[in-house]
Every structure is written in C-alpha cells, then in structure tokens.
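Observations on chain architecture
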Amino acid sequence: MEIAKKISEIREAVKAMKKQDVTIGFVPTMGYLHKGHLSLVKHSLAECCKTVVSIFVNPTQFGPSEDYDRYPRDPVRDAELLKKEGVDLLFMPSVEEMYGKDFFTSVEVSSLAEKLEGSLRPGHFRGVCTVVCKLFNIVTPDNAYFGWKDAQQLVIIQKMVNDLNIPVKVKGCPTVRESDGLAASSRNIYISADKRKNAVALYKGLSKIKDMVENMGITATDVLLTEGRESIERFSGVELQYLEIVEMDNLNPIKKVEDRALILGAIKVSGVRLIDNMMVEMKRVTSQ
Ligand code: AMP
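In short, a report on the structure.

Glancing now at the sheet that holds strand E1 (residues 2–4). Here six strands make up an open sheet; going across it, the order is E1-E4-E3-E2-E5-E6 and the pairing parallel. Looking at which strands have only one partner, the edges of the open sheet turn out to be E1 and strand E6 (169–173). Sheet twist, expressed as the average angle between the axes of neighbouring strands with direction ignored, equals 25°. Bridge count for E1 against strand E4 (residues 89–91) is three bridges, and the pairing is parallel. Note on E4: the bridge partner recorded for Ala 4 is Phe 91. Sheet contacts for helix H1 (residues 7–19): E1, strand E2 (24–29), strand E3 (50–55) and E4; angle to E4, the most-contacted strand, approximately 155°.

Take a look at the structure:
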C-alpha cells in the first residue's frame, strides 16, 4: 500500500492508476478506524479495481468548543489495518497541505445543512462539504463510499454532487453496530465503562419507532416520537438532543409515515455526543 502525504504525490499515484483504465473507489475518513470504516473499505474493494482511503481530521468541521484537539488519532495502526484489507493508496495530508495560508472558499448546501445536526453544530456541514469537495477534486474517484451512520452527511453530499455536477457516484453503506446495537464510532472510546450500558438508549428508541411503524402499522409521527422519546429518556444519564422523523431527500419533518422515512436522533451520554438513525419503510399490503 502506497502512502501519500502531499497532494502532488496522490495526484501522480492516481494518474498511474488511471493509465490502467481501472475503476477507483474512495473512502474518506477521519481515522481511528473501526469496523464501520472497514465495511466501507470492503464495499469499495468489492466494487472497484483500486481503493483509495483518506485519513484527515478536518479542523473546519469542528466548532470552537468541540473536540478537534482531543479527537482520537492512531495513524500507524490505521495504516496497518488498511494494508491488511488490501487498500491500494492511503492519503494522509497535513492541515497545511489541505488549507493553504489564504483559504477563502467554502461549499455550502444551504437549508439541508441547517437542520438536525446543523442546528446544533453551525458550520459543521460547510466544513464537511468543503473538505469532501476538495478530496473529490484531488482523488478524482469513480465511486465514493459513505456510511448511513451519518445519514444527514450522506444526503447532503449526494445533493452537493448532484448540484455541482461532480462526476463521482456516491454510495451509501449500512451502519455497522456493536452486539448490543450501539453504532460503531471513533467517539465510543470516550464513553466511560459505567455509562456504556446507557449509550444504547438511542438505538433502543429508534428500534422502538421502527417496530411501531413496520410491525404495528402506526404512522402518526407525533405518537411515534412520544414513544421514542420515552424509551430514550428511560435510560439514566442520557440527554436527548433531538429526535425527528423526516423525508429522505429533503430532511423535512413529516406528520405521517407514508412510504419511506428517516428517523434521526442525537443524545449525550456522560458528555459524549452520539448520533444514530434508522430508515423505516411502510410495508405495502398487496391485495389480489
Ligand atoms: P469519520 O471517520 O467519522 O468521518 O467517518 C468516515 C466514514 O465512515 C463516514 O462515511 C461515516 O459515515 C462512516 N462510518 C462511521 N461509522 C460508521 C458505522 N458504524 N457504520 C458504517 N459507516 C460508518
């Protein structure tokens, strides 16, 4: 596995790949890799001839009071894991390499970026979209793999790619979970052992709503959200930040689940923010 730290190096390596006329898959990450990241890598390896992964803890997507400095990092272990998976190229740029001294440009998918996570983390998705757009321009992949774990991010990136005619196919991959249902996340290491059992609260609340829709046929979102909130707040030491049921494409809240919808939530457990989501689908009863 080749490791590139400079934009010029990664461009050269990608140019050499393109000479062989192969499909290039790309997995952007912030590192401290876990099985969720590796599932994206596996999707890319399965679908593309060459796989490029980036590790970059992007400062512009962290707010001033967020955890940029203490975000977990372990580049040596990450590189070993990726090499073992069979990744072809790893891009690990420095902040200086990505953002020159006078960096003025940003990409904003307005409206979508202000809802949900965006309402609590102003500017977060501007940082995400700007860095992903830069990475797409640097790596020029055919496919890019993102996790449904960050559903709002995935919807926003898909919109950015459509709006700006970026020639990359965005592929969403299922959320990978721990055995109790907690979504795998680099931030899970912050949760102290005694609070770990409460971290599953959001998963339980989302599952409760999904069950009510798909198995009990309940579609009124006020009823669903009341039950979901109660289920989450039953766990001690858990602060519910938001829970919403929205349309898939525009993330607008809905009153009734008609077809497919997305339930998204965020909680805080012992000071650690956790986000998760589930897709719900009304089963159509077909009469003969
Ligand atoms: P991050 O390093 O947190 O920026 O995540 C990099 C990519 O991995 C994003 O597309 C995430 O949505 C994805 N990802 C993170 N956690 C998971 C998970 N548990 N399952 C699937 N994908 C994930």
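Right, let's talk about the pattern of salt bridges for a bit. A full pass over the atoms with the stated rule returns 17 salt bridges. A salt bridge links Glu 47 to Lys 171; the nearest nitrogen and oxygen atoms lie 3.4 Å apart. Of this pair, Glu 47 sits in helix H2 (residues 35–47) while Lys 171 sits in strand E6, placing them 124 residues apart in sequence. Judged by its relative accessible area of 42%, Glu 47 falls in the partly exposed class. Among the salt bridges present, the one from Asp 78 reaches Arg 77, with a minimum N-O distance of 3.7 Å. Asp 78 sits in the buried class, given a relative accessible area of 1%. Of the residues examined, Arg 77 reaches a relative accessible area of 35% and is grouped as partly exposed.

This paragraph deals with the site of the ligand. Within the structure, the ligand sits among 17 residues, and Met 30, His 37, Asp 150, Val 176 and Ala 184 are positioned closest to it. Within the backbone of Val 176, one N or O atom sits 2.9 Å away from a nitrogen atom of the ligand. Alone, the ligand offers 490 Å² of accessible surface; in the complex the protein occludes 92% of this. For the shell around the ligand, the secondary-structure elements that each account for two or more residues are E2, H2 and strand E5 (143–147). Of all the elements, H2 adds the most residues to the shell around the ligand, at three residues. When its residues are assigned to classes, the shell around the ligand shows eight nonpolar, seven polar and two charged.

Criteria and cut-off values
- Residues numbered from 1 in each chain as written.
- Predicted model: local features only at pLDDT ≥ 70, side-chain atom pairs only at ≥ 80, totals over all residues.
- Heavy atoms only, no water.
- Pairing = 2+ DSSP bridges.
- Helix = DSSP H or I, 4+ residues; strand = E, 2+ residues; numbered from the N terminus.
- Axes fitted to C-alpha atoms, helices over the stretch in contact; angles between N-to-C directions.
- Contact = heavy atoms within 4.5 Å.
- Salt bridge = Lys/Arg side-chain N within 4 Å of Asp/Glu carboxyl O.
- Buried < 20%, exposed > 50% of the residue type's maximum accessible area, 1.4 Å probe, protein only.
- Near = heavy atom within 4 Å.
- Polar contact = N/O pair within 3.5 Å; in protein donor to acceptor, adjacent residues only side chain to side chain.
- Areas by Shrake-Rupley, 256 points an atom, 1.4 Å probe, with all protein chains shown as cover.
- Nonpolar A, V, L, I, M, F, W, Y, C, P; charged D, E, K, R; others polar.

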